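Fold and contact review
Here is how the chains run, residue by residue.
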Amino acid sequence: TANERRLTEIVGAVGGKLHTGRSRNDQVATDVRMWLRDEIRTLIGHMKALVATAVSRAEGELDLILPGYTHLQRAQPIRWSHWLLCYAWQWKRDVERLEGVLGRVNLMPLGVGALSGHPFGLDRHALAADLGFDGIINNSLDAVGDRDFIVEFLFSSSMVMLH
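We now turn to the structure provided with this report. Keep in mind that this is a model prediction, so the values were computed, not measured.

Conventions adopted
- Residue numbers restart at each chain and count upward from 1, following the sequence in its written direction.
- Per-residue local features of the predicted model are confined to residues with pLDDT of at least 70, and side-chain atom pairs are confined, for both listing and counting, to 80 or more; whole-chain, interface and lining totals are unaffected and use all residues.
- Processing note: side-chain calculations cover all non-hydrogen atoms of the structure and skip hydrogens and water entirely.
- Only the stretch in contact is used when a helix axis is fitted, and all axes are lines through C-alpha atoms; the angle between N-to-C directions ranges over 0 to 180 degrees.
- Put simply, DSSP H or I for four residues or longer makes a helix, DSSP E for two residues or longer makes a strand, and each gets a number counted from the N terminus.
- An angle below 35 degrees is read as roughly parallel, one above 145 as roughly antiparallel, one from 65 to 115 as roughly perpendicular, and any other as oblique.
- What makes a crossing left-handed is the near helix being turned counterclockwise from the far one by less than a right angle; a clockwise turn instead makes it right-handed.
- A contact between two residues is defined here by any heavy atoms of the two lying within 4.5 Å.
- Three classes are used: nonpolar for Ala, Val, Leu, Ile, Met, Phe, Trp, Tyr, Cys and Pro, charged for Asp, Glu, Lys and Arg, and polar for all others, with Gly counted as polar.

The next subject is the packing of helix α2 (residues 24-60) against helix α6 (residues 148-162). Remark: α2 packs on α6, axes separated minimally by 12 Å, with the N-to-C direction vectors making an angle of 20°. By the criterion of interaxial angle, the relationship of α2 to α6 is roughly parallel. Between α2 and α6 the crossing geometry is left-handed. On α6, the residues that touch V32, R33, L36, I40, L43 and M47 of α2 are F149, I150, F153 and V160.

It is worth spelling out the environment of W80 at this point. Within the secondary structure, W80 sits in helix α3 (residues 80-105). In sequence terms W80 and L43 are 37 residues apart; their C-alpha atoms lie 26 Å from each other. Among residues more than four places away in sequence, those in contact with W80 are R57, E61, L64 and L66.

This brings us to the packing of α3 against α6. The geometry of α3 relative to α6 is characterised by a closest axis approach of 10 Å and an angle of 165° between their N-to-C directions. Between α3 and α6, the crossing angle belongs to the class labelled roughly antiparallel. At the point where α3 passes α6, the crossing takes the left-handed sense. Together, D94, R97, L98, V101, R104 and V105 of α3 and F149, E152, F153, F155, S156, M159 and V160 of α6 make up the contact between the two elements. Classifying every residue of the contact of α3 with α6 by side-chain character gives 8 nonpolar, 1 polar and 4 charged.

Below, the structure written as structure tokens:
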């Protein structure tokens, strides 16, 4: 790969051992998890800022009244702050949902090889800590084959968009 070639240019022949104990399967699975982990953290940060803004505005705009609707018909007068906080609660649940997904995304598959492990005795727990993962995925087949976390993120981010 381009990465291995460049590394070999920099460090010499030892760069050719870049793939020792790894395969494209576990590297791709790891890359996807690392990328998604960062994106989820960014989204959570934005969502928390949105909730804080909604709460701040609700506190400062208590006297604004607007029509409340039910079945597309005007019903009762409601406070703007009450309406705004309705969304803040929904966004708070979105954050909680994303935090749950993040916990399942932030597990490391790297070091399991193509699908059935390897004989090199890598310290996967140390590697996971070095890469910022909360832990490892214990089953090698699950580590390289799991894509549940992607679908779970798609659902959770869809809920964000619905709110």
